[in-house]
Structure formats: structure tokens, C-alpha cells
Amino acid sequence: MFTIEKRGQIQALFNAMWGIAGLIAPFLGGLFLETIGWRWIFWVNIPVCLISLLSLMVYRETYQPRPARVDGIGAALFAAGIVLVLLVTVEVPYRGPFAVAGLGLLALFYLYERRHPSPIIPMSLLKSRPIRWISLNAFLTYAALFGASSFVPMFLQYQGYSVFVSGAVLLGMTAGWMLSSVPAGKWILRFGYPRLIVAGSLILAAGGVLLTLLRKGTSPITVSAVMLVLGLAFGLISTVGIICSQMLAGPHEKGVSTSFQLLSRNIGTAIGVTVMGALFNGASAPDEGFSRLFGYGAAAGVMTLLFALPLLRKTAQDNAAQAEAKR
């Protein structure tokens, strides 16, 4: 709907709304738990969703539908394959056979989509090397350290801090997310997306290393500062990834490219949280469990950085091509 110059501003607006919600939610959640009861963290969604629904009633969209054949079989194959693969991340029997069956369905989905006249995921989109690398980076980023937001409050609770204080440290992550995501749209035009993704991955790796330094007795302020670093990384990588997934796709593939980017994040989150939970539950003591999962986050953050570095080679190649063209 917007040009690349305007897209950064609109994306910043979306992230600001997310940030405001992120600032309010930990306080409300902690207050509900310590005052009127934990069930209200669910009941509160009813008035919130009703207000959201009423705000949409006045919106009217004007669009020209484009005739297209609905790919129902492809959608069913893809959904079933993803669900079966994600069953590996939960405690269910026969996880191995489920994973094999899921991978088989995804392979069948790939073969089917190559011949469909209107595929839900155009194969031409997956042939784009930049989009593949950005989606891989999103997967690795969220698999590495997004689960930290689930375990860091638990880390403080084990030290005796209240639920309210433990949840409030996530405000650091929210603040960092907003600080980096709001100007990211302009930074893309100035520095290019490869440098920004590598910079975000570098910050992510640094945040993972800082997590390993957390020990018993670490103050909530220090923990919130570490979460601020992680927020800077997630805000930069997420915003740049979304804008680039739209910028690099064709006119009729922008929506699919965006949703594929989000899917990569969600799958990474599911796997990362499961791995962290398994590491924590397999430890003999809470201190050892936190040490294990923070160590995993640091190692995965460094791996994310290593996989992002090839994007710099593309920048160098582009610059060389532009210099050659000027000659």
C-alpha cells in the first residue's frame, strides 16, 4: 500500500503500537496475579477484543479482487506438514514418525506447488536468494533467543522477586525493540538491508553472551538492561526483515513473502522455547538449568551471526557491480 520511503514510517507506527501494548501488558499481568487473581489475564481479553472489533467497524477497504484459483489441496498439505513437524517440540509419543510424516508432506507440497497455476507459496519466491537468507535469519534469530522472554522472568522469581517485578524487566526488551525498529525504515535506504541484518545479528549474539553472565543475586535493573540489548536486536532484525520481504518480492507476492517471513519466526520461536525448556527441565537444579539455557542462547546467537555474514558478500558484489556499471 505504501512506497519504500513511506513503508518505514508505517512499520514504525505498527511497532509503536506493539511497544505501547508491551509496556502495559507486564504491569497489568503482574497486578492481576497479585490482586484479583490469575484468571483475569484471560478475562481481560474479552473487553480488549470487543474494543478492537468496534474500532474496525468504521473501516472500509476499497480493492479490486483478482480472479485466482484457491489452492485448497496445497494449503491442506502445508498445514498438515507444519503441524506434524512442530509436534516434535511437544511431549507426545511417536515424535520421530510424526516428524518423518511431516517432512514427507512438505516434500509432497513442494512438488504439488510447482505445478499449480496459483500456488499459495510461489516457487519463484523461494528461488530468490535474498528472501531465503532473510527467512533463514528470522528463523535462527527467534529460535536462538526469543524464548529468553519466557525464562528470564522465571530466573528472577527463583531469586524471590515478585511476579510483578519479574515481568517488569521485559520492559527493557520492549524499549529496545522500539528504539531500533522506529528508525529502521530510514536506515534501510541509507545503509542497505544486509548491513542492518548483520548488525542486528551481532547485537543478538552480544545479548546472548550477556545472558550467560547473569548469576544469582543479579538485580532486576541489570537483567532489564540485558533485555534491552536483545530488544534492540529483535526490533532491528524484525522490522528490516518485514520491509525487505515486501521490497524484494513481486507486486502479487508481497503478502505471501510477508507471511512466509512471519511463519519462519513462529516456527523458530516454537523450537527455541522447546529446546530451552528441555535444557532447563533436564538440569538437576534451577541454577544449572538457567546456565544451560542461557548458554544455548549465546551459542545460537553466534550461529545466527555466522549465517548472516554471507549477506555482506551480496553487498560487496552489488557495490562492485555498480562501480563496473559506472565505468
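Above this text is the structure in question.
Please read these numbers as outputs of a predicted model, since none were measured by experiment.

One can describe the packing of helix α13 (residues 220-247) onto helix α14 (residues 254-281) by two numbers: an axis separation of 7 Å at closest approach and a directional angle of 150 degrees. For the element pair α13 / α14, the angle class is roughly antiparallel. Like other packed secondary-structure pairs, α13 and α14 cross with a definite hand, here right-handed. Residues Ser238, Gly241, Ile242, Ser245, Gln246 and Met247 of α13 form the contact with α14, whose own contacting residues are Lys254, Ser257, Thr258, Gln261, Leu262 and Arg265. Classifying every residue of the contact of α13 with α14 gives 3 nonpolar, 7 polar and 2 charged.

Describing an aromatic ring pair means giving the distance of the ring centres and the angle of the ring planes. Evaluated as defined, the whole model comprises 14 aromatic pairs. Ring centres 5.3 Å apart and planes at 65 degrees place the aromatic pair Tyr142 and Phe234 in the edge-to-face group. Within this pair, whereas Tyr142 is found in helix α7 (residues 129-145), its partner Phe234 is found in helix α13, the two being separated by 92 residues in sequence. Of the residues examined, Tyr142 reaches a relative accessible area of 5% and is grouped as buried. Using a relative accessible area of 0% as the deciding quantity, one classes Phe234 as buried. Look at Trp177 and Phe234: their rings are 6.0 Å apart centre to centre, the planes differ by 15 degrees, and that puts the pair in the stacked class. Of the two residues, Trp177 is situated in helix α10 (residues 170-181) and Phe234 in helix α13; the sequence distance between them amounts to 57 residues.

Counting residues in each nonpolar core, the largest one holds 27 residues, and the members touching the most others are Leu145, Val152, Leu211, Val223, Leu230, Phe234 and Phe294. Of all the elements in the fold, those that place two or more residues in this core are α7, α8 (148-157), α10, α12 (193-211), α13, α14 and α15 (286-308). Looking at which element gives the most residues to this core, the answer is α13, with 6 residues. Judged by nonpolar contacts, the second largest core, of 16 residues, contains Ile134, Leu236, Val240 and Leu311.

Looking now at the pattern of salt bridges. Tallying each qualifying case throughout the model produces 1 salt bridge. Arg292 serves as the salt-bridge partner of Glu288, at 2.9 Å between the closest nitrogen and oxygen. Taken together, the residues Glu288 and Arg292, both in helix α15 and 4 residues apart, mark about one turn of the helix. Accessibility expressed as a relative area gives 35% for Arg292, which makes it partly exposed.

Scoring rules and cut-offs
Residues numbered from 1 in each chain as written. Predicted model: local features only at pLDDT ≥ 70, side-chain atom pairs only at ≥ 80, totals over all residues. Heavy atoms only, no water. Axes fitted to C-alpha atoms, helices over the stretch in contact; angles between N-to-C directions. Helix = DSSP H or I, 4+ residues; strand = E, 2+ residues; numbered from the N terminus. Parallel < 35°, antiparallel > 145°, perpendicular 65-115°, else oblique. Left-handed = near helix turned anticlockwise from the far one by under 90°. Contact = heavy atoms within 4.5 Å. Nonpolar A, V, L, I, M, F, W, Y, C, P; charged D, E, K, R; others polar. Phe/Tyr/Trp six-rings, centres within 6.5 Å; stacked < 30°, edge-to-face > 60°. Buried < 20%, exposed > 50% of the residue type's maximum accessible area, 1.4 Å probe, protein only. Core = buried A, V, L, I, M, F, W, Y, C linked by side-chain atoms within 4.5 Å. Salt bridge = Lys/Arg side-chain N within 4 Å of Asp/Glu carboxyl O.

By themselves these figures say nothing about function.
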